[in-house]
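Listed here are the chains, written in short residue letters.
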Amino acid sequence: MATKPRSFGGCWTCRLRRKKCDETRPICGACSTLEIECQYGDEKPEWMDGGERQKRRAEWLKAEVKRRAAHRRERRQLHGLEVRLESLDASLTDESDSTVPRDLINTTARPVAPSMDASSSSSPYIKTESSSASSPSVRTPHSRSATPHTDSCSSVPTPEDLSDSHAESSLEAAFSLEIEAHSIMLYLDYVFPFLFPFYKPPFFDAGRGWLLVLLTKNKALFHSAVSLSGYFYGIILSHTSQGHQHCTKNTHEALHKQQGLALQWLQREMQDIITRGVKSNLVEANRVMASIVQLLTSEVAIGTPGNWKMHLGAATELFNEIMKHHAVTPSGFPCFMSVLLRLGTRPFEWTPKNRPWGSDQATLRFFTAQLLFYDTIASTALGQPPRLQQWHQPLLEELPDEIKQLLPGNERETISPHINLEEFAGVQNWVILCIGQIASLDAWKKEMKRAGSFSVPQLFSRASTIEQRLRTCLESLSDCQAVNGSCPASSINGCSQSQPFLPYFASDAGSPFSRTLHTSVLNTRIWAQAALTYLSVVLSGFQPSSPEICESVSATIEMLLSLPNPECLRTLVWPFTVTGCLASPEQEHVFRNLVSAMGPLSVLGTVREGLAILEKVWARRREIEQAPDGWDLAACLGTLGQPALLI
């Protein structure tokens, strides 16, 4: 049998690697796949000398193949983020036809954000006059606007016409800048403090200056912030006695346009990260992650369900890439401080005590805290372990002493928790750690049952460790509050639903709120007590009448009723909903009254979504009693048709 003669037309790279070449020109398939240099030619390259130069070339090529392989893996992982963003873009387009055209982001002239005319204004209270909302004109300080009427008798504009046109264009550009400035200040002064009431950076951290810097540099986050400002303004104005009916329509139009712009800028930035990689572009990756988390926060704040899972998945994957490439010490331990130092103005130098973080460092700290918080709460609704649980210990708690002793001396100081969730979300780290562990235990229990290898003693052993930590820390907090004084008794049941909306945003005494928020100690206690209820469900099943669950529910209700103001409930939606799902029929009115007492403030955030879940669960009491094994917390949080992120 004749054999095919050996070909000598392959590229020199494949010959050096001693690999079969498909001889495709100008780049063969193997070199194209590996993204390495492909060389053809009748004459041998200089390095193909059969000696030392050829050996060095082979070693270099081997290292290059390895390096490119790592880069390709990173691109594949980041490509998943791009797919998610494209899906979000499609869903946003389906919701509204007023999304700004994609090419709008390429026509902007100003460095801060694209300029817009009245029809695409950042403010929802500017009435739209364009007949085609899907194709707004873009006006920059140097562009001329079309006049409403054209003089058919004159094809050449007179000096007076040019002067008037230039003046009109300048006025419109100035007006657009003014509106955007107002929107951003609304966000900084009112909306941001409302969304994150426990975040009060100390004086030496230079306050929230990092946020202003980020808004000027990050167009995706800029438009997301503007959309929230417009939405809040429209909602508040509609609840005042002087409210205008047309504001609602304009609010939604402007909201979709600004969200569309935010998403399109995010896609552009994401594509850049996919192309260039996270490893050598930490600053850009950090800002993209911040934009995704901000977009998630915006959609939850305005009550837009459905997209949060895609946002959260994209943000957690990007954070994993950041940590994988920038947070591993020479000893192999993850260190968040090393990432922060790389973002500093002088990389790898310790940030001095009582000195402010740089804007990129503060951005990473804030949005990492939010992401850890969101991811953990989402895991309870998705019935799975938190995606970022591998980073919980290095970011949220101390390493055991036996592990610290194994570290070099210069690493021991940096290997410590660098995120204090109490500063950012008003909940101490140990509560969120325990909730994440309970979610993991719940997922493990279900997996073991499916595999037929479930162990009751192992379940109780793991649960007892979590329960002991929760009760010990709760007792410590109770003692602390008893010494320092408790929160004043609540007047929730006596509050009128007709309370005006505007006072909640009045800037009395330099604060955007006229009422006192409850302390982070009380906030943490309520979250911890609800976590105990959650643990009881995982341990014993969905049994609202069990003594342990009844006791825990009653304890949480008592603390909820001790809140100083009705609006405090907006930071406690998850504990409120978990507790209400297990409440007795006689206790249902308490939860309805808590929401009712918030008045119009309940339209913002997830409070109403939490109450809707409770009403669904209560309506199905008989069904649950007949088949309790088919119910758990994740099932309750999905009764509205999709998992709920109650933040």
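Everything discussed here concerns the structure shown above.
Residues numbered from 1 in each chain as written. Predicted model: local features only at pLDDT ≥ 70, side-chain atom pairs only at ≥ 80, totals over all residues. Heavy atoms only, no water.

Engineer: Talk me through the pattern of salt bridges; I want residue IDs and the actual numbers.
Structural biologist: Taken as a whole, this structure holds 13 salt bridges when the rule is applied. Glu397 is the salt-bridge partner of Arg469, the closest N and O atoms lying 3.6 Å from each other. Placement of Arg469 in helix H17 (residues 456-484) and of Glu397 in the loop between helix H12 (392-396) and helix H13 (401-404) is noted, with a sequence separation of 72 residues between them. Of the residues examined, Arg469 reaches a relative accessible area of 29% and is grouped as partly exposed. In this structure, Glu588 and Arg592 form a salt bridge, with 3.3 Å as the shortest nitrogen-oxygen distance. Of this pair, Glu588 and Arg592 both sit in helix H21 (residues 588-596), four residues apart, which is roughly one turn of that helix. In this structure Glu588 comes out as buried when scored by relative accessible area, which is 12%. (Salt bridge = Lys/Arg side-chain N within 4 Å of Asp/Glu carboxyl O. Helix = DSSP H or I, 4+ residues; strand = E, 2+ residues; numbered from the N terminus. Buried < 20%, exposed > 50% of the residue type's maximum accessible area, 1.4 Å probe, protein only.)

Engineer: Any details on the packing of aromatic side chains? Residues and values, ideally.
Structural biologist: Applying the stated rule across the entire model yields 23 aromatic pairs. Seen from their ring centres, Phe192 and Tyr199 are 6.1 Å apart, and the 80° between their planes marks the pair as edge-to-face. By relative accessible area, Phe192 is classed as buried at 1%. Since its relative accessible area comes to 12%, Tyr199 is described here as buried. Between Trp210 and Phe367 the ring centres are 6.2 Å apart and the planes differ by 90°, which places this aromatic pair in the edge-to-face class. Of this pair, Trp210 sits in helix H5 (residues 209-217) while Phe367 is found in helix H11 (residues 359-382), placing the two residues 157 residues apart along the sequence. The ring of Trp265 carries Lys219 above its face, with NZ or CZ at 5.1 Å from the centroid. We note Lys449 situated over the ring of Phe454; from NZ or CZ to the ring centre the distance is 5.4 Å. (Phe/Tyr/Trp six-rings, centres within 6.5 Å; stacked < 30°, edge-to-face > 60°. Lys NZ or Arg CZ within 6 Å of the ring centre and 35° of its normal.)

Engineer: Let's hear about the environment of Val607: which residues, and what values?
Structural biologist: Position of Val607 relative to the elements: it lies in helix H22 (residues 607-619). Assessed through its relative accessible area of 1%, Val607 is described here as buried. A C-alpha to C-alpha distance of 7.1 Å links Val607 and Val595, two positions twelve residues apart in sequence.

Engineer: So what's going on with helix H19 (residues 547-560)? Which residues, and what values?
Structural biologist: Over its 14 residues, H19 runs 20 Å from end to end, which matches the ideal 20 Å to within 8%, given 1.5 Å per residue. Buried within H19 we find Ile549, Ser552, Val553, Thr556, Ile557, Met559 and Leu560. For H19, the buried positions fall inside an angular range of 160° around the axis, keeping them on one side. Set apart from the buried face of H19 by more than 90 degrees, the exposed residues are Pro547, Glu551 and Glu558. Turning to H19, the residues buried within the fold contact helix H18 (520-540), helix H20 (573-581) and H21. (Expected span 1.5 Å × (residues − 1). Arc of directions from axis to C-beta. Contact = heavy atoms within 4.5 Å.)

Engineer: Lay out empty space enclosed by the protein with the relevant residues and their values.
Structural biologist: For the coordinates displayed, the defined rule picks out three cavities of 30 Å³ or more. Lining the largest cavity we find 24 residues, and of these Leu195, Pro197, Arg570, Thr571 and Ile647 sit closest to its centre. Of all the secondary structure elements, the ones that give two or more residues to the lining of the largest cavity are helix H4 (159-195), helix H8 (282-301), H11, helix H15 (421-425) and H18. In terms of residue class, the lining of the largest cavity is built from 17 nonpolar, six polar and one charged. (1 Å grid on protein atoms, 1.4 Å probe; cavity = no way out; pocket = protein on both sides within 12 Å on 5 of 7 lines; lining within 4 Å. Points joined across faces, edges and corners; volume = space filled by probe spheres on them. Nonpolar A, V, L, I, M, F, W, Y, C, P; charged D, E, K, R; others polar.)

Engineer: Explain the packing of helix H16 (residues 429-451) against H18 residue by residue, including any values.
Structural biologist: Two elements in contact, H16 and H18, have axes separated by 10 Å at closest approach and are oriented at 15°. Taken together, the axis directions place H16 and H18 in an arrangement best described as roughly parallel. Between H16 and H18 lies a crossing whose hand is left-handed. The residues of H18 that touch H16, namely those facing Trp430, Val431, Ile435, Ile438, Ala439, Leu441, Asp442 and Lys445, are Thr524, Trp527, Ala528, Ala531, Tyr534, Leu535, Val538 and Leu539. By residue class, the composition of the contact of H16 with H18 is 13 nonpolar, one polar and two charged. (Axes fitted to C-alpha atoms, helices over the stretch in contact; angles between N-to-C directions. Parallel < 35°, antiparallel > 145°, perpendicular 65-115°, else oblique. Left-handed = near helix turned anticlockwise from the far one by under 90°.)

Any functional reading would require information that these geometric values do not contain.
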